[in-house]
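# Observations on the model geometry
Next come the chains, spelled out residue by residue.
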Amino acid sequence: MPQQRQGSGPPRPCLLVRLQPPRHRLPRRRLDLRPLRPNRSETEARVSLSKPIVAADLFCGAGGTSSGLVQAVENLGLSCHLTAVNHWPRAVETHALNHPAARHLCASLDSLNPRELFRADELDILWASPECTHHSRARGGKPMHDQSRATAWCVARWAEALRPGIVMIENVPEFQEWGPLGSDGKPLQSRKGDIFRAWVDSLRSMGYRVDWRELCAADFGDPTTRRRLFVQAVRGRRRIVWPEPTHTQDADLWNRPRWKSARDVIDWSHKGASIFDRKRPLAARTMDRIWEGLRRYGITPTLVCMEHGGRVLPIDAPVPTITTARAGAMAVVEPFVIEYYGTGGARPISEPLPTVTTHDRFALVEVDGKSHRLDIRFRMLTPAELAGAQGFPSGYKFTGTKAEQVKQIGNAVPCGLSRALVTAALTQNSGAATHYQTAA
């Protein structure tokens, strides 16, 4: 028996505790090898691709947007129930001629009640191209009109009434600067963009997510460098998806096709008239542009732009923005070689020279503009060529006079650009436009 230390008292009892495993073990997790179901949010993000797509094209014009939209829907193997609205009878005539299955309304948007045209939640896509003239810098500082600029509010009214899943708006880049006007009819620089931000906030207040970008039509297969602002608004589980460019100005690592050029849409069988045989000489500025083109690009066809200060472009470049000006304000200049031999005449440089003899038969071409040894043919681009630059399908028909046709074409949204935007929105895939273009 162990001895106790003095003052320590009696021994304390010991408590033995036996540690045992817990009665209830946590269950082991099994690896679920069943096939994954699609994410509900991703499924609901897409417009149902098992029913016809119901779309409305406001300010439809001649049908540039509608053509691209219908192409996008048909590429997905679906049908499109399209309603087209415009206040200009001539544009509605052209649209109806090329899209006979669509419902056409020749009326001002202010006079239409969208709830009488569509049921609740019936509309899938609402596209609008409000009037852009009084937003554009192309007015050259002329006074603007608030009533013309206010047509964008019609889009918000239609979106509030119908709540479509996808809303797309096209306009000039200056649309972002939409603000109040001063007493002189010119924008107040201190309030630049105020009304645009208020307009965007009105869409957001309806539950839409909104984003905008400037896009170049040449990046999506249209032979024009037209740049426009596009605004997208979506609601629900959908995402805003911007299409990836299908074409590129320069060669890249992805081996995308190069930009299409003006050469691709010009009808070379349509010959112009010699600038030296005209009864009424060309304007001095036009002649200066012709000589500038010859100096810069040599003996090759060139494009002469007659507006906004004028410029000369090579024929292998895309067509610049087509305006509503008379005859499109764009011409093609085609140099020829003069043959000095008997009844010899002008020959296009695209053809081989005739047999070379021991005598001088061909004029030496010196691009100095002082000699008639160079014959130059000049003509305006035709409406068919301008329509091709805007991406309209071959054989698209336009009604009205030549001036009216050019106006319709200049107002149109390039077809390839609208096709890419709608394809990306419906599939929720930014690269879908490239896939369907390649498949076509």
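Description of the structure in this document. (Residues numbered from 1 in each chain as written. Predicted model: local features only at pLDDT ≥ 70, side-chain atom pairs only at ≥ 80, totals over all residues. Heavy atoms only, no water.)

## Thoughts on the pairing of strand E4 (residues 125–128)
In E4, alternate side chains face the same way, and those of Ile125 and Trp127 on one face and Leu126 and Ala128 on the other are all buried. Of the pairings in the sheet, the one linking strand E1 (residues 53–58) to E4 comprises four bridges and is parallel in character. Along E4, the bridge assignment pairs alanine 55 with isoleucine 125. Pairing of E4 with strand E5 (residues 166–171), which is carried by four bridges, proceeds in the parallel orientation. Residue pairing across strands places leucine 126 opposite valine 167, the latter belonging to E5. (Buried < 20%, exposed > 50% of the residue type's maximum accessible area, 1.4 Å probe, protein only. Helix = DSSP H or I, 4+ residues; strand = E, 2+ residues; numbered from the N terminus. Pairing = 2+ DSSP bridges.)

## A closer look at unusual backbone geometry
The phi dihedral of arginine 163 is positive, around 50°, even though this residue is not glycine. Take arginine 163: it is sitting in the loop between helix H6 (152–162) and E5. Even without being glycine, asparagine 255 reaches a positive phi, approximately 55°.

## Quick word on the packing of aromatic side chains
This structure, assessed with the given rule, holds 10 aromatic pairs. Note on tryptophan 153 and tryptophan 178: the rings are 5.8 Å apart at their centroids and 55° apart in plane angle, and the pair reads as tilted. With a gap of 25 residues between them, tryptophan 153 in helix H6 and tryptophan 178 in the loop between E5 and helix H7 (194–205) connect regions that are remote in the sequence. Accessibility expressed as a relative area gives 2% for tryptophan 178, which makes it buried. Considering the side-chain rings of phenylalanine 392 and tyrosine 396, the 4.7 Å spacing of their centres and the 45° angle between planes classify their relative orientation as tilted. (Phe/Tyr/Trp six-rings, centres within 6.5 Å; stacked < 30°, edge-to-face > 60°.)

## Side note on the sheet that holds strand E2 (residues 80–86)
Strand order in this open sheet of seven strands is E3-E2-E1-E4-E5-E7-E6, and the pairing throughout is mixed. Because the sheet does not close on itself, it has two edges, and the strands there are strand E3 (103–106) and strand E6 (209–216). Averaged over all neighbouring strand pairs, the angle between strand axes comes to 15°, with direction disregarded. Running at roughly 130° to E6, H7 makes contact with E5, E6 and strand E7 (227–234) of the sheet. (Axes fitted to C-alpha atoms, helices over the stretch in contact; angles between N-to-C directions. Contact = heavy atoms within 4.5 Å.)

## Quick notes on the nonpolar core
Core analysis: the largest hydrophobic core is formed by 36 residues, its most contacted members being Leu58, Trp158 and Trp199. Mapped by element, the contributors of at least two residues to this core are E1, E4, H6, E5, H7 and E7. If you look at the next biggest cluster of nonpolar residues, it comprises 27 residues, including Val73, Leu78, Ala217 and Ala425. (Core = buried A, V, L, I, M, F, W, Y, C linked by side-chain atoms within 4.5 Å.)

## Quick notes on the packing of H6 against H7
Helix packing for two helices is described by the angle between their axes and how far apart those axes are. Between H6 and H7, the shortest axis-to-axis distance is 10 Å and the interhelical angle comes to 10°. Viewed along their axes, H6 and H7 adopt a mutual orientation that is roughly parallel. Along the contact surface, H6 presents Ala152, Trp153, Ala156 and Ala159, while H7 presents Ile195, Ala198, Trp199, Ser202 and Leu203. Here the residues of the contact of H6 with H7 sort into eight nonpolar, one polar and no charged. (Parallel < 35°, antiparallel > 145°, perpendicular 65-115°, else oblique. Nonpolar A, V, L, I, M, F, W, Y, C, P; charged D, E, K, R; others polar.)

## Brief notes about the pattern of salt bridges
Using the criterion set out here, one finds 13 salt bridges in the structure. Across the pair aspartate 124 and lysine 51 runs a salt bridge, and its minimum N-O distance is 2.9 Å. With aspartate 124 in the loop between helix H4 (114–117) and E4 and lysine 51 in the loop between helix H1 (40–45) and E1, this pair connects stretches of sequence that are 73 residues apart. Across the pair glutamate 160 and arginine 115 runs a salt bridge whose closest N-O atoms are separated by 3.6 Å. (Salt bridge = Lys/Arg side-chain N within 4 Å of Asp/Glu carboxyl O.)

## Side note on helix H2 (residues 64–75)
The terminal C-alpha atoms of H2 lie 17 Å apart, and with 12 residues this matches the ideal 16 Å at 1.5 Å per residue to within 8%. H2 sits mainly inside the fold: nine of its 12 residues count as buried. Regarding H2, the residues found buried are Gly64, Thr65, Ser66, Ser67, Gly68, Leu69, Val70, Ala72 and Val73. (Expected span 1.5 Å × (residues − 1).)

## What to know about the environment of valine 413
Looking at where valine 413 falls in the secondary structure, it is placed in the loop between helix H10 (402–411) and helix H11 (415–427). By relative accessible area, valine 413 is classed as buried at 3%.

## Some remarks on the environment of serine 205
Topologically, serine 205 is positioned in helix H7. On the accessibility criterion, serine 205 (63% relative accessible area) is exposed. C-alpha of serine 205 to C-alpha of glutamate 160: the two residues are 45 residues apart in sequence and 9.6 Å apart in space. Here serine 202 takes part through its backbone oxygen, which lies 2.6 Å from a polar atom of the side chain of serine 205. (Polar contact = N/O pair within 3.5 Å; in protein donor to acceptor, adjacent residues only side chain to side chain.)

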